[in-house]
Amino acid sequence: MSSEQAAADARKAILAKADQLSLPEIRALLDQLGATGGVEPVGAKRTDANPVDASPVHANRESKRVRRRRTRAIYRLRVDLNRSDPAIWRRLEVHSDLHLDVLHQVLQEAFEWTDSHLHRFTLGGDSFDSNAEHFLCPFDVEDGEEYGIPAYQVRLDEALNQPGDELLYLYDYGDNWDVTIRLEEVLNSEPGTPLAQCTDGRRAAPPEDCGSRRTAEELAEVVDSPAAFDVATINAALAGPHFTLLAAGINPQLMLVTARLTTTPSYPQIAARMSELANPRPTLDPEVRNAALAPHLWFLQRAEGDGIELTSAGYLKPTDVEAASAILPAMNSWQSQRNREINAFPLLRFRESLQHLGLLRKRKNRLLLTKAGTESLANPARLWSHLADRIRANKPGSFEHDATLLTLLFAATESGGLLHLTPIAQALGDHGWRTESQTLPTTAMLRNLPVLDVLDNLTGPTEARSHRCVLTEASVAMARDSLHVE
């Protein structure tokens, strides 16, 4: 028998007696077999500012998901805490097009948990069944979990389609709060229907870190009234600012980032800015928009046809450096040389950001237009939308992702002037981020965010400046548009 077959048989044996083991015991045994990577300590955050880009999709697994619904429905869900006695359950009505990372937040409110531990959703088996399909929290994704894809990529109606369909949810791999989500009924969606609401339920949920107590006798040791259940309290939480933002079309990832700040000193200012963000967006005059896009359009126009020829070292030629420096706002206060790109750091960052944003590509020492760049060249409105969509960092759970969303929140809720980075750095520290040396995030780290290369350069070409992070009408509008999901 091969070593691979022996390991596979051993894993099957572990899973066969899973009901006799705790989840930590299962994970420990699987880790010994090399079947999974180690789990991050409960409640821990990555400490480096550049997390790895894991790709956890298992290539040989057939998806158990179904096609999304064409139109939104309301799902009536029965949510049960497994093996509770008497039963602890909630009945929820939610939008069918919620992504699972948002459903996770709804479940946290429904059971009055604090989102302090790891979680996952599972379709077609238990939470560590290798034959099931797993939808992972950001920390399992970063940890390189082999089996599963990020929950933020999956909608609820891809997992549940017909009454009777079930989805499993596991929260806290130590206490093992395993929950069964059953679709009871599919209802029509009426205008103004809340994103999520609780309509019924029974008994108090077990509190965090209580050792997986599930019976009335066990819970009486840690809960004043195990039989208590108040639907109004849950619905008040589900009507809070995070869910109000979702109903207003705000990117759900912002809600998930700010939800972790509710008990921190940063939250009052965060909450005020989120309330402001939910207000209707002012319309940006097309002439103001087009003028703000002048630096981007200059590069696209210059790259049309044969492209922009680079030096043998891969930099812009001196004549292009001088011409671009004259129209790039970030270069207005640059005191060094303006004829070599390697010495014109703001310009170099901006040019590289155009490649990162998918507008230019390098080929044979030339910068050429991409398809998106070609489409944007002829349509400034298309360019604006492309930038608003692409400046959001797309790796939930990473420092850049969280820092970018908070930066956009602060920029979108300013009237102009300087974007102050200190409160953003403080909020990231409150969120739990630390550098490799265990120090708090700094404003210098934020100044290197790619999003600022876009916001900093959405201004008129003649405007004087002596700082980075200058906000104008256009950059505030760009931040707002980036945070809205159409």
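Going by the structure above, here's the rest.
It should be emphasised that the depicted structure is a prediction, and the values quoted were computed from it without experimental measurement. (Residues numbered from 1 in each chain as written. Predicted model: local features only at pLDDT ≥ 70, side-chain atom pairs only at ≥ 80, totals over all residues. Heavy atoms only, no water.)

Provide a residue-level description of the overall build of the protein chain, including the pertinent values.
Helix and strand counts for the protein chain come out as 21 helices and 13 strands. In the protein chain, which comprises 486 residues, the proportion classed as buried is 51%. Summarising the internal contacts of the protein chain: among those between residues at least 6 apart in sequence, 67% fall at separations of at least 24. With the model as given, the accessible surface of the protein chain reaches about 21700 Å², and the carbon-plus-sulfur share is 48%. (Helix = DSSP H or I, 4+ residues; strand = E, 2+ residues; numbered from the N terminus. Buried < 20%, exposed > 50% of the residue type's maximum accessible area, 1.4 Å probe, protein only. Contact = heavy atoms within 4.5 Å. Areas by Shrake-Rupley, 256 points an atom, 1.4 Å probe, with all protein chains shown as cover.)

Before we move on, could you go through unusual backbone geometry and cite the residues and values that matter?
Between Asp85 and Pro86 the backbone carries a cis peptide bond, its omega angle lying at -5°. Turning to its location among the elements, Pro86 is positioned in the loop between strand E1 (73-81) and strand E2 (88-95). Of note, Asp209 is a non-glycine position whose phi angle comes to about 55°, a positive value. Topologically, Asp209 is positioned in the loop between strand E8 (196-202) and helix H6 (216-219).

Give me the lowdown on the packing of helix H12 (residues 294-303) against helix H14 (residues 345-356), citing residues and values where you can.
Two elements in contact, H12 and H14, have axes whose closest approach is 11 Å; the angle formed by their N-to-C orientations is 70°. The orientation of H12 with respect to H14, classified from their angle, is roughly perpendicular. The chirality of how H12 crosses H14 is right-handed. Taken together, the residues of H14 that come into contact with H12 (itself represented by Pro295, His296 and Phe299) are Leu347, Phe350, Arg351 and Leu354. Along the lines of polarity and charge, the residues of the contact of H12 with H14 split into five nonpolar, one polar and one charged. (Axes fitted to C-alpha atoms, helices over the stretch in contact; angles between N-to-C directions. Parallel < 35°, antiparallel > 145°, perpendicular 65-115°, else oblique. Left-handed = near helix turned anticlockwise from the far one by under 90°. Nonpolar A, V, L, I, M, F, W, Y, C, P; charged D, E, K, R; others polar.)

Before we move on, could you go through the side chain of Glu341 and cite the residues and values that matter?
Looking at the secondary structure, you find Glu341 in the loop between helix H13 (318-327) and H14. The exposure class assigned to Glu341 is buried, which follows from its relative accessible area of 1%. Leaving out residues up to four positions away in the same chain, Glu341 has contacts with Tyr315, Leu316, Val321, Leu347, Leu348 and Arg351.

Account for the packing of aromatic side chains, with residues named and values stated.
For any pair of aromatic rings, geometry is given as the distance between the ring centres together with the angle between the planes. In the structure shown here, the tally under the stated rule is eight aromatic pairs. With a centroid separation of 5.6 Å and an interplanar angle of 80°, the aromatic rings of Phe128 and Tyr173 are classed as edge-to-face. Placement of Phe128 in the loop between strand E3 (119-123) and strand E4 (133-136) and of Tyr173 in the loop between strand E6 (166-171) and strand E7 (177-188) is noted, with a sequence separation of 45 residues between them. An identical accessibility class is assigned to Phe128 and Tyr173; each is buried. Cluster of aromatic residues (ring-pair linked, three or more members): Phe111, Trp113, Tyr171 and Trp177. (Phe/Tyr/Trp six-rings, centres within 6.5 Å; stacked < 30°, edge-to-face > 60°.)

Could you give an account of the nonpolar core, naming the residues involved and the relevant values?
Formed by 72 residues in total, the largest nonpolar core has its most connected members in Phe299, Leu347, Leu406, Leu419 and Leu446. Top contributing element to this core by residue count: helix H17 (residues 399-412), with nine residues. Other than its neighbours up to four places away in sequence, Leu406 contacts Val257, Thr258, Leu261, Ile270, Ile424, Ala427 and Leu428. Counting residues in hydrophobic clusters, the runner-up holds 46 residues, among them Val154, Leu160, Ala205 and Leu219. (Core = buried A, V, L, I, M, F, W, Y, C linked by side-chain atoms within 4.5 Å.)

Can you tell me about H14, naming the residues and giving the values?
Compared with an ideal rise of 1.5 Å per residue, which puts 12 residues at 16 Å, H14 spans 16 Å between its outermost C-alpha atoms and is within 8% of the ideal. If you check which residues of H14 are buried, you get Pro346, Leu347, Leu348, Arg349, Phe350, Arg351, Ser353 and Leu354. Just beyond H14, the residue with positive phi is Gly358, at close to 80°. (Expected span 1.5 Å × (residues − 1).)

So what's going on with the sheet that holds strand E9 (residues 308-309)? Residues and values would help.
Hydrogen bonds along the backbone pair up the strands of a sheet, which may run parallel or antiparallel. Sheet architecture is open: three strands sit in the order E9-E11-E10, paired in antiparallel fashion. Either end of the sheet is taken by a strand with one partner, and the two such strands are E9 and strand E10 (360-363). Pairing of E9 with strand E11 (residues 366-369) involves two bridges; the strand directions are antiparallel. For Ile308, the partnering residue across the bridge sits in E11 and is Leu367. Sheet strands in contact with H14 are E10 and E11, and its direction is about 95° off that of E10. (Pairing = 2+ DSSP bridges.)

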